[in-house]
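Structural overview
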Amino acid sequence: MIHFGTDGWRAGIADEYTFENVRKVARAATKILLHVAPSSSRQVAPSVIYVGYDRRFRSEDFAQAAAEEAAAAGASVLLSDRELPTPAVSLACQKNPCAGAFMITASHNPGADNGFKIKMPGGTPAGSDLTARIEKKLEELGDAATQRRGDAGSSGQVAIVDLLSPYLEKLRSEAQYLRASKLGGIVDSMHGVGGDHLEKLLAGRVALTTVRGNRDPLFGGNAPEPVEKNLRPLLETILEKSAAFGLATDGDGDRIALADGRGRFVSAHKVLLL
C-alpha cells in the first residue's frame, strides 16, 4: 500500500519507490486533480499539471515517468527542463492557471529515499482529504494503473518548460530591498537544489561563499536536513573564513537554517523572529 504523509509520499528507492509505483501515483493523482472542484476559476486550467524534480538519484527519470503517465491520463503536462527547488513549482502554480503540480523529491530524507509531493492551484500542498482520495484511487486502479512507455502521452501531451527562471527572477526582485553590506556569509546547500543560486542572486549586495553546492545524490552520507548535527561543514567554514553568518537550505530548497559568526547554530524559533 502506498500512503501519503504530511507532505507527500516518500519511500526507499528500488524498494517501494519504483518506476511502476511512481507511474501509478501519477496516474491516480492526475485523475483526482483533473476532477477537483476549483477553488478559484481564475487560478485553474483544468488539464494543466506541472512536474518538477530535485537532485536525488534518477529524479529526472522519475519525473519523466510521472509526466508521461499524467499525459496518458489526459493532462497537458509542463515538465521542468532542469532540477529546481520545490518553491519554484509552487510559484508556477500560484502565477499560472493549472490543475496542480507534482514534485519529485524526498525533501530532507536520506539519499536512499525519493518522494512525490503534490501541489494544488495556488501552490499550496495537497491536504489529507485529497491524498486520501488519491490513495483510494490507487486501490481502484490496481495493477492496471499504468500505461506502457510507448502509449503514454496518447491522451494529453508533455512539454518541456523553464520553471526555474521565473522563480529566480522573483527572488531577485525581493533582493532589491536588501542594502549592500560588507558582511560576508557562507551558504551550505547540503548538495541539494539550492546549488549556488543565493550566491549569484545576492552578488553585489552580500558576499556569499557556497559550500556543498554540487550535486551528490548521497548528500555526503548525511540526510540533507538543515539541523545542527548535519551542518558541521557550514559551522567550520564560518570560523575558517571569519564569516559574519551562515545559511543552509535543505535537499529541495524549501527550508532554511541560520548560524552566527561564531559558528553556532541558531534555533529555528529565533530565525523566525530575526
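In this text the structure is predicted, and so the values were computed from the model without any measurement.

**With respect to the sheet that holds strand 9 (residues 245-249)**
Across the sheet, five strands lie side by side as 8-7-9-10-11; this open sheet has mixed pairing. Looking along the sheet, the strands with just one partner apiece sit at the ends: strand 8 (207-211) and strand 11 (265-266). Pairing of strand 9 with strand 10 (residues 256-260) involves five bridges; the strand directions are antiparallel. Residue pairing for strand 10: F245 is matched across the bridge by D260.

**Considerations on helix 2 (residues 59-72)**
Over its 14 residues, helix 2 extends 20 Å from the first C-alpha to the last, a length consistent with the 20 Å expected when each residue adds 1.5 Å. For helix 2, the tally of buried residues reaches eleven of 14 residues, placing the bulk of the element in the interior. Taken together, the buried positions of helix 2 are occupied by S59, F62, A63, A65, A66, A67, E68, E69, A70, A71 and A72. In this fold, the buried residues of helix 2 make contact with helix 1 (19-33), strand 2 (48-53), strand 3 (76-80), strand 4 (100-104), strand 5 (113-119) and strand 6 (157-161). G74 sits one or two positions beyond helix 2 and adopts a positive phi of about 110°.

**Examining helix 7 (residues 232-241)**
For helix 7, every residue scored as buried is listed here: L234, L235, T237 and I238. For helix 7, the arc enclosing every buried residue in end-on projection is 165°, short of the 170-degree limit, so these residues lie on one face. What points out from helix 7, more than 90 degrees from its buried face, is the exposed set R232, L239 and E240. On its buried face, helix 7 is in contact with strand 7 (184-188), strand 8, strand 9, strand 10 and strand 11. Remark: S242 follows helix 7 within two positions and exhibits a positive phi of approximately 55°.

**A few points about the nonpolar core**
Judged by nonpolar contacts, the single largest core of 37 residues is most densely connected at W9, F102, F116 and I118. Breaking this core down by element, the ones donating at least two residues are strand 1 (9-12), helix 1, strand 2, helix 2, strand 3, strand 4, strand 5 and helix 4 (128-141). The leading source of residues in this core is helix 1, at seven residues. In this structure, V48, Y50, V89 and A101 belong to the second largest nonpolar core, which totals 16 residues.

Reading the values: the criteria
- Residues numbered from 1 in each chain as written.
- Predicted model: local features only at pLDDT ≥ 70, side-chain atom pairs only at ≥ 80, totals over all residues.
- Heavy atoms only, no water.
- Pairing = 2+ DSSP bridges.
- Helix = DSSP H or I, 4+ residues; strand = E, 2+ residues; numbered from the N terminus.
- Expected span 1.5 Å × (residues − 1).
- Buried < 20%, exposed > 50% of the residue type's maximum accessible area, 1.4 Å probe, protein only.
- Contact = heavy atoms within 4.5 Å.
- Arc of directions from axis to C-beta.
- Core = buried A, V, L, I, M, F, W, Y, C linked by side-chain atoms within 4.5 Å.

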